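What the coordinates show
Chain by chain, the residues run as shown.
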Amino acid sequence: MRRLRACLGAAAAVGLAAAGTTALVAGSASGATSALGNRWYAAAPYLMPLDNDPPDPAAIMDATGLKAFQLAFVLAPNGGGCSPTWGGTAAVSSDTAVQSVVNTIRAKGGDVSVSIGGYGGTKLGQVCSDAAATAAAYQQVITKYGLHAIDFDLEEPEYENTAAIKNEIGAAKILQQNNPGLYVSVTTAGTADGTGWFGKQMLLEAKSQGFTPNNFSIMPFDGGFNGAASQTGALTNFNQILQSTFGWDQATAYAHEGFSGMNGRSDTGEFFTQTDFQTVLDYATNHNMDRFTFWSLNRDRQCTPADNGGRTSGTCSSVAQNSWDFAKYSVKFAGATPPSSTPTPTPTPTPPGTGCKPAWSSTAVYTAGNEVSYNNHNWKAKWWTQNETPVASDWGVWQDEGSC
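Rules used throughout
- Per-chain numbering applies: the sequence of each chain, read as written, is numbered from 1 onward.
- In keeping with the predicted nature of the model, local features appear solely for residues at pLDDT of at least 70, side-chain atom pairs appear and are counted solely at 80 or more, and the whole-chain, interface and lining totals rest on all residues.
- Only hydrogens and water are set aside when side-chain values are computed; all heavy atoms of the structure are taken into account.
- Numbering of helices and strands runs from the N terminus; a helix is a DSSP stretch of H or I covering at least four residues, while a strand is a stretch of E covering at least two.
- Throughout this description, buried means an accessible area under 20% of the type-specific maximum (1.4 Å probe, protein chains only), exposed means over 50%, and partly exposed covers the range between.
- Accessible surface area values rest on a Shrake-Rupley calculation with a 1.4 Å probe, where residue burial reflects the displayed protein chains alone.
- Here, strands pair whenever DSSP counts at least two bridges between them.
- Orientation is described by lines fitted to C-alpha atoms, with helices fitted over the stretch in contact, and by angles between N-to-C directions that extend from 0 to 180 degrees.
- By definition, disulfides here are pairs of cysteine sulfur atoms that lie within 2.5 Å.

The subject of this paragraph is the overall build of the protein chain. In terms of regular secondary structure, the protein chain is built from 13 helices and 17 strands. Put simply, the protein chain has 404 residues, and 53% of those count as buried. Of the roughly 15,500 Å² of accessible surface on the protein chain, 53% is carried by carbon and sulfur atoms.

Set out below in structure tokens:
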């Protein structure tokens, strides 16, 4: 069941500001281990603990040597309000399911970061009254799980909302001040030029507020990318944006820059193989970048042969691989050596043409995640829709999942 709580107002957040260190210590007392080194939080791949057929983190740790996980996503309640939930439905205040995942990881010597935002749903920065109220909501998450790291995933449509981004950046700054040693990453969309207009506006907002996280990471996929060369080109261009925005030299900009990739087939049908990940990893380490992560561990496994290459899945990569191949690149970035395994050949996508979803209906109501077929293609809804014909568009409601 969904439980909503009123968001703490500015006065309450000021009280947290005076007791920020205490809040983090209290959270640690509830089960957190000592913090890992920052390199592990910088290498933590994304894991959805409640959706997309969650894999067993203990099995991943045993197979790869991975120690840190980026749990996703904390959102505002679907029914409204300024209180943190998992995916808009499961209140953080009463959560036991995610806490069990966290306990499993910590029992094996690992730790977690939590990611807030993402592509879908309503973000707390959109509904909380100001930065202080937004920070107070996120402080509940930090305290609940005894967090040493947090990720602000600021992308569309939230980052098109000036007031929401002001709240998110302001909240990030407050949390950074109130929780000494907290590792803070900010993740946003990537383009061939580095990041787009809204991403640049977000950086300018951070500059105006005097906020510097551990890194600003871009996601160079779903934007006409084609393999590692296009991604490293975007990272080079983003470095120049960081230099010009904050007045940093090249080395300082790289020290505050991160990469957040997508393993296998992206939402728009791009393919990123193990070879691509190795190339970008080499670039990141050679330039002393601060972060290397990817979306997601739920996808870091082989699809069934019929699905390979034909569609983008939330539970497998659509490329030929051994389970957890991509997690091992995060382990390498953290400075550890993953267990050896048999190399996987560069995948060749198999032809699409199977598995049509139920036919689209102009009268039916569809919500985020619903899948239909239309014109011999499968489509997935990004948000609520009715009577919008499925067509391929970066800004439309329907995501093309390939022919069927």
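Next up on the list: the sheet that holds strand 17 (residues 398-403). By way of backbone hydrogen bonds, the strands of a sheet pair with one another, either parallel or antiparallel. If you walk across this open sheet you meet the three strands as 14-15-17, and the pairing is antiparallel. Two strands lie at the open edges of the sheet, namely strand 14 (371-374) and strand 17, each paired on one side alone. Put simply, the sheet's adjacent strands are angled 30° from each other on average, direction ignored. Bridge count between strand 15 (residues 377-381) and strand 17: four bridges; the pairing is antiparallel.

Moving on, we come to the state of the cysteines. Inspection of the entire model under this criterion finds two disulfides. One disulfide in the model links C82 with C128; its S-S distance is 1.9 Å. Disulfide C82 to C128: torsion about the S-S bond roughly 100°, handedness right-handed. One end of the pair, C82, is in the loop between strand 2 (68-75) and strand 3 (85-86); the other, C128, is in the loop between helix 6 (124-127) and helix 7 (131-145), with 46 residues separating them in the sequence. Between the sulfur atoms of C303 and its disulfide mate C316 the distance is 2.0 Å. Looking down the S-S bond of the C303 and C316 bridge, the torsion is 95°, so its handedness is right-handed. Here C316 lies in the loop between strand 12 (291-295) and helix 13 (327-333) and C303 lies in the loop between strand 12 and helix 13, a separation of 13 residues in the sequence.

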